[in-house]
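Geometric and topological summary
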Amino acid sequence: MQIKNILVVCVGNICRSPMAEYFLKEAHPDLHIESAGLSAMIGHAADDKAIDCMNAKNIDMRIHIAKQINAELIKQSDLILVMSHNQQKHIEQTWPFAKGKVFRLGHWQGQNVADPYKHDQAFFNETCSNIQSYVSDWQSHF
């Protein structure tokens with residue numbers, strides 16, 4: 001199956017999923033990539049610490065605005081990347097038609113992505129580096 005639409009999901013859609021979204025957009029400008037949250041902080045910009053770590057990688061995500069996941073976003077997506085097994089289970093239970101296209105971002109390394117929300121900049125930087133590594137693992141798959 002040709003991957004054209006990718007949805008990246010975390011909880012609030014202000015830290016992890018936007019970072020992954022913008023790494024993917026940089027690597028694949030030809031694909032449609034967006035992110036959403038399971039309990040999104042709807043209308044909020046990305047967390048300042050997430051913006052800082054992405055700025056350090058020369059990626060500007062200041063235009064990001066958090067949004068809530070919904071059935072329409074899931075239907076439009078060929079691949080849904082989540083941060084943990086629990087998020088994968090939640091999406092597959094809430095929207096059974098999503099089964100088979102939901103994977104952890106850290107799938108290839110068998111890793112979840114820890115939530116840096118309300119942690120210090122060092123934790124954000126580590127999370128950002130992990131996300132960058134997990135995103136690069138997906139490169140050969142689409």
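Read on for a plain summary of the structure. (Residues numbered from 1 in each chain as written. Predicted model: local features only at pLDDT ≥ 70, side-chain atom pairs only at ≥ 80, totals over all residues. Heavy atoms only, no water.)

Side note on the packing of helix α1 (residues 16-27) against helix α5 (residues 121-138)
- α5 packs onto α1 with a crossing angle of 45 degrees between their chain directions and a minimal axis gap of 9 Å. Taken together, the axes of α1 and α5 lie oblique to each other. As for the relative orientation of α1 and α5, their crossing is right-handed in sense. For the pair α1 and α5, the contacting residues are Arg16, Met19, Ala20, Phe23 and Leu24 in the first and Thr127, Cys128, Ile131, Gln132 and Val135 in the second.
- Tallied by class, the residues present in the contact of α1 with α5 amount to 7 nonpolar, 2 polar and 1 charged. (Axes fitted to C-alpha atoms, helices over the stretch in contact; angles between N-to-C directions. Helix = DSSP H or I, 4+ residues; strand = E, 2+ residues; numbered from the N terminus. Parallel < 35°, antiparallel > 145°, perpendicular 65-115°, else oblique. Left-handed = near helix turned anticlockwise from the far one by under 90°. Contact = heavy atoms within 4.5 Å. Nonpolar A, V, L, I, M, F, W, Y, C, P; charged D, E, K, R; others polar.)

A few points about α5
- Between its terminal C-alpha atoms α5 stretches 26 Å, which fits the 26 Å expected from 18 residues at 1.5 Å a residue.
- Residues of α5 that are buried: Phe124, Thr127, Cys128, Ile131, Tyr134, Val135 and Trp138. The arc enclosing the buried residues of α5, seen along the axis, measures out at 130 degrees, which places them on a common side. Among the exposed residues of α5, those oriented more than 90 degrees off its buried face are Ala122 and Glu126.
- Where α5 is buried, its residues meet α1, α2 (48-56), β3 (79-82) and β4 (102-104). (Expected span 1.5 Å × (residues − 1). Buried < 20%, exposed > 50% of the residue type's maximum accessible area, 1.4 Å probe, protein only. Arc of directions from axis to C-beta.)

Considerations on the environment of Ala20
- Secondary-structure assignment places Ala20 in helix α1.
- We classify Ala20 as buried; its relative accessible area is 0%.
- Along the chain, Ala20 and Ala71 lie 51 residues apart, while their C-alpha atoms are 21 Å from each other.
- Discounting residues that sit within four places of it in the chain, Ala20 has contacts with Val8, Met83, Leu105, Ile131 and Val135.

A word on the sheet that holds β3
- Here we have 4 strands laid out as an open sheet, ordered β2-β1-β3-β4, and parallel in their pairing. A single partner strand is all that each edge strand has here, and the edge strands are β2 (32-37) and β4. Strand-to-strand twist in this sheet, taken as the mean axis angle between neighbours without regard to direction, amounts to 25 degrees.
- Relative to β3, strand β1 (residues 5-10) runs parallel, the two sharing 3 bridges. From the neighbouring strand, Leu7 faces β3, where its bridge partner is Ile80.
- Seen against the sheet, helix α4 (residues 85-94) touches β1, β3 and β4 and runs at an angle of roughly 170 degrees to β4. (Pairing = 2+ DSSP bridges.)

Section: the pairing of β2
- Burial within β2 is extensive, with 5 of its 6 residues counted as buried.
- The pairing of β1 with β2 spans 6 bridges and is classified as parallel. The residue of β2 that forms the bridge with Val8 is Ser35.
- Crossover β1 to β2 through α1 is right-handed. (Right-handed = clockwise from strand over helix to strand, strands pointing away.)

Brief notes about the pattern of salt bridges
- As enumerated under the stated definition, the model contains 4 salt bridges in all.
- With a closest N to O distance of 3.5 Å, Arg16 and Asp115 form a salt bridge. With Arg16 in helix α1 and Asp115 in the loop between β4 and α5, this pair connects stretches of sequence that are 99 residues apart.
- Residue Arg16 is classed as buried on the basis of its relative accessible area, which comes to 5%.
- Using a relative accessible area of 34% as the deciding quantity, one classes Asp115 as partly exposed. (Salt bridge = Lys/Arg side-chain N within 4 Å of Asp/Glu carboxyl O.)

Just geometry here; none of it tells us what the structure is for.
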